[in-house]
Each structure stands twice: as C-alpha cells, then as structure tokens.
Amino acid sequence: MIDVLYFAWVRERIGLPRERVETGAATVAGLVEELSAREERYAAAFADITALRVALDQELADFDAPLAGVREVAFFPPMTGG
C-alpha cells in the first residue's frame, strides 16, 4: 500500500486530500495510469501531467521514477514564489 497525497487543484478535482492505494505499478507514470482509469475525476486531475509535479517520500521525482520501496507519493502543481 502506498499513501497518495493530492494538493491544490489536484485535490479539488479528485475530492480527496489523501488515500491509501494498492498498486501494481512499477513507476509513477504507471500509478497515474491506474488512477486515471478509476473515474472521470481522476482522469481530469491527471489529464495533463506536464502541469504536475510529484514527490516520492517527500523528495521531488520524475514520472518515470520507480515506486519500489516508496511509502508516499504526492501530486501537486508547480509552485512559484518570491
């Protein structure tokens, strides 16, 4: 099981701040495919992954990063600041 966290508009589209997911995906991209296939709200949230960032166990990662040994995946939009 992996804890999946959603932030900002990703959370708004999915309607959940977090959930525990059983996955057979080997990579983040595979997890996104599994989630997108669940329901339209997930498909809408992950329609354009170029507009998303991902962190694995609180470390920024790419969508081709492996999930082996990962306990937490967080999806969020890019942040800007000043």
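The structure we're discussing is the one just above.
Residues numbered from 1 in each chain as written. Predicted model: local features only at pLDDT ≥ 70, side-chain atom pairs only at ≥ 80, totals over all residues. Heavy atoms only, no water.

## Let's talk about the sheet that holds strand β2 (residues 18–21)
Remark on secondary structure: sheet strands pair via backbone hydrogen bonds, oriented parallel or antiparallel. Here is the rule: Think of it this way: DSSP has to see at least two bridges between two strands before they count as a pair. A run of H or I in DSSP counts as a helix once it spans at least four residues, and a run of E counts as a strand once it spans at least two, with each numbered from the N terminus. In this analysis an axis means a line fitted to C-alpha atoms, helices contributing only their contacting stretch, and an angle means the value between N-to-C directions, from 0 to 180 degrees. Whether two residues are in contact is decided by their heavy atoms, any of which lying within 4.5 Å being enough.
The 5 strands are arranged β2-β1-β5-β3-β4 in an open sheet whose pairing can be described as mixed. A strand with exactly one partner marks an edge of an open sheet, and here the two such strands are β2 and β4 (59–61). Averaged over all adjacent pairs, the angle separating strand axes in this sheet is 30 degrees, with direction ignored. Looking at chain direction, strand β3 (residues 53–56) and β4 are connected through 3 bridges and run antiparallel. Residue L56 lies in a different strand from β4, and its bridge partner there is E59. Its contacts with the sheet place helix α2 (residues 28–36) against β1 (2–6), β2, β3 and β5 (72–76), and it is angled at close to 70 degrees to β5.

## Details of the pairing of β5
For clarity, the threshold we go by: Three exposure classes are used, based on accessible area relative to the maximum for each residue type with a 1.4 Å probe and protein chains only: buried under 20%, partly exposed in between, and exposed over 50%.
Within β5, 5 of the 5 residues are buried, which leaves it mostly tucked inside the rest of the structure. Where burial is concerned, the two faces of β5 agree: the one with E72, A74 and F76 and the one with V73 and F75 are both buried. Across 4 bridges, β1 lies against β5 in parallel orientation. Within β5, the residue paired with L5 across the bridge is A74. By the bridge criterion, 4 bridges tie β3 to β5 in an arrangement that is antiparallel. Each bridged residue has a counterpart across the sheet, and for R53 the counterpart in β5 is F76.

## Description of unusual backbone geometry
Positive phi, normally seen in glycine, also occurs at A8, with a value near 55 degrees. Residue position: A8 is located in the loop between β1 and α1 (9–14). Although it is not a glycine, Q58 sits at a positive phi angle of roughly 70 degrees. Its place among the elements puts Q58 in the loop between β3 and β4.

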